[in-house]
Amino acid sequence: MNQAEVAKLMSQLKVAIRPRHRNLKNIDGPEGRLDKLRKTVTALIKHERIELNYQRADEARGYAERLISDAIRYGDCHKPTMEMADYWLTEKQLVHKLFKVLAPRFEEYKVSATRMYKATKEYPGWYRKRTVLELRGNPYPSLVQNLYQNRNLLHNVLLDEARKDFRKEKYAEIAAQIGGTMETHSSHWNNQISTLAFYFILHIYPNHFITKYMPE
């Protein structure tokens, strides 16, 4: 038995679990509270993506993670695990999905089996924190936009080429401005040098310059 197989013998929840249960009030007392959590876990296993209040989703997430972790660790031949699955899943056909579909899917996962996203608030109405609870690998479209996989779409390719052309034009304008400035400075220095040379020649050969270039 290698180290990877030893790690599978331990149920490791990869989500933060509160040290105390949330105060989810229910008119039926603790039994009604557990019934509501059972319905939430059942709906998550069945639909793989649900939207509900944040407090109930955060509480039910831990039970769903533990249920999937035990299904991976023990399998469907372990009596306590089967009893736990029978208790939490109110729809009994989902027990087969838990052991034959979800357990093989998450067997090699290094992260949690569930994800939570903030959802929009209900307006107008009573303020409640809403969230989306889902299983990883679900068949629905992703809630997070992945821009890295869209680079080869036609409109993105055209936008990239337009950006390249725009940069080339800007670089050409900057290069022309720099070249014009250098040319202006160069002509200015040439004029200065010519003037200095003229006064130098006039100082050394005044008579020759007057007789040759000045009119009589």
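Residues numbered from 1 in each chain as written. Predicted model: local features only at pLDDT ≥ 70, side-chain atom pairs only at ≥ 80, totals over all residues. Heavy atoms only, no water.

Student: Explain the packing of aromatic side chains here, please?
Tutor: Scanning the entire structure with this criterion turns up three aromatic pairs. Ring geometry for F106 versus Y109: centroids 5.1 Å apart, planes at 80 degrees, classification edge-to-face. Ring pairing ties together the aromatic residues Y63, Y87 and W88, which thus form one cluster. Of note, R38 hangs over the ring of Y87, and the distance from its end group to the ring centre comes to 4.6 Å. (Phe/Tyr/Trp six-rings, centres within 6.5 Å; stacked < 30°, edge-to-face > 60°. Lys NZ or Arg CZ within 6 Å of the ring centre and 35° of its normal.)

Student: Looking at this structure, how should I read the side chain of E65?
Tutor: Residue position: E65 is located in helix α3 (residues 54–74). Polar side-chain contacts of E65 include one of 3.1 Å to the backbone nitrogen of A113. Sequence-distant contacts of E65, that is, excluding residues within four places in its chain, are made with L13, V15, S112, A113 and T114. (Helix = DSSP H or I, 4+ residues; strand = E, 2+ residues; numbered from the N terminus. Polar contact = N/O pair within 3.5 Å; in protein donor to acceptor, adjacent residues only side chain to side chain. Contact = heavy atoms within 4.5 Å.)

Student: Would you mind going over the packing of helix α2 (residues 29–47) against α3 with me for this structure?
Tutor: A packed helix pair is summarised by two numbers, namely the angle formed by the two axes and the spacing between the axes. Across the interface, α2 lies against α3 with an axial gap of 9 Å and an inter-helix angle of 65 degrees. In this structure, α2 crosses over α3, and the sense of that crossing is right-handed. Contact residues: R33, K36, L37, T40, V41, L44 and I45 in α2; R56, E59, A60, Y63, A64, L67 and I68 in α3. Here the residues of the contact of α2 with α3 are counted per class, giving nine nonpolar, one polar and four charged. (Axes fitted to C-alpha atoms, helices over the stretch in contact; angles between N-to-C directions. Left-handed = near helix turned anticlockwise from the far one by under 90°. Nonpolar A, V, L, I, M, F, W, Y, C, P; charged D, E, K, R; others polar.)

Student: Explain helix α4 (residues 79–88) here, please?
Tutor: Because each turn of an α-helix spans 3.6 residues, side chains separated by three or four positions end up pointing in the same direction. By the burial criterion, the buried members of α4 are T81, A85 and W88. Down the axis, α4 shows its buried residues gathered within 75 degrees of arc, on one side only. Buried positions along α4 lie against α2, α3 and α5 (93–106). (Buried < 20%, exposed > 50% of the residue type's maximum accessible area, 1.4 Å probe, protein only. Arc of directions from axis to C-beta.)

Student: So what exactly am I meant to see when it comes to the side chain of N138 here?
Tutor: Within the fold, N138 resides in the loop between β3 (130–135) and α6 (154–204). Among the residues examined, N138 registers a relative accessible area of 11% and is labelled buried. At 3.1 Å, the side chain of N138 and the backbone nitrogen of Y140 are in polar contact. If we ignore the near neighbours within four places in the chain, the residues touching N138 are E48, R49 and R105.

Student: Just to check I follow, could you spell out the pattern of salt bridges for this structure?
Tutor: Between side chains of opposite charge, a pair can form as their charged atoms come close. Summed over all chains, the structure comprises 14 salt bridges. For the salt bridge of E48 with K97, the shortest nitrogen-to-oxygen distance reads 3.1 Å. Linking E48 in the loop between α2 and β1 (49–53) with K97 in helix α5, this pair joins segments that are 49 residues apart in sequence. Assigned by exposure class, E48 and K97 land together as buried. Via salt bridges that share partners, E48, K97 and R105 belong to a single interconnected network. (Salt bridge = Lys/Arg side-chain N within 4 Å of Asp/Glu carboxyl O.)

Student: Looking at this structure, how should I read the sheet that holds strand β2 (residues 114–118)?
Tutor: Strand pairing in a sheet relies on backbone hydrogen bonds. The paired strands run either parallel or antiparallel. Across the sheet, which stays open at both edges, the three strands sit in the order β1-β3-β2 with antiparallel pairing between neighbours. If you trace the sheet from one side to the other, it starts and ends with β1 and β2, each paired once. Strand-to-strand twist across the sheet, computed as the mean angle between neighbouring axes with direction ignored, equals 25 degrees. Examined bridge by bridge, β1 and β3 share five bridges and lie antiparallel to one another. Its bridge partner being in β3, I50 is matched across the sheet by L133. Docked against the sheet, α2 engages β1, β2 and β3, running at close to 150 degrees with respect to β1. (Pairing = 2+ DSSP bridges.)

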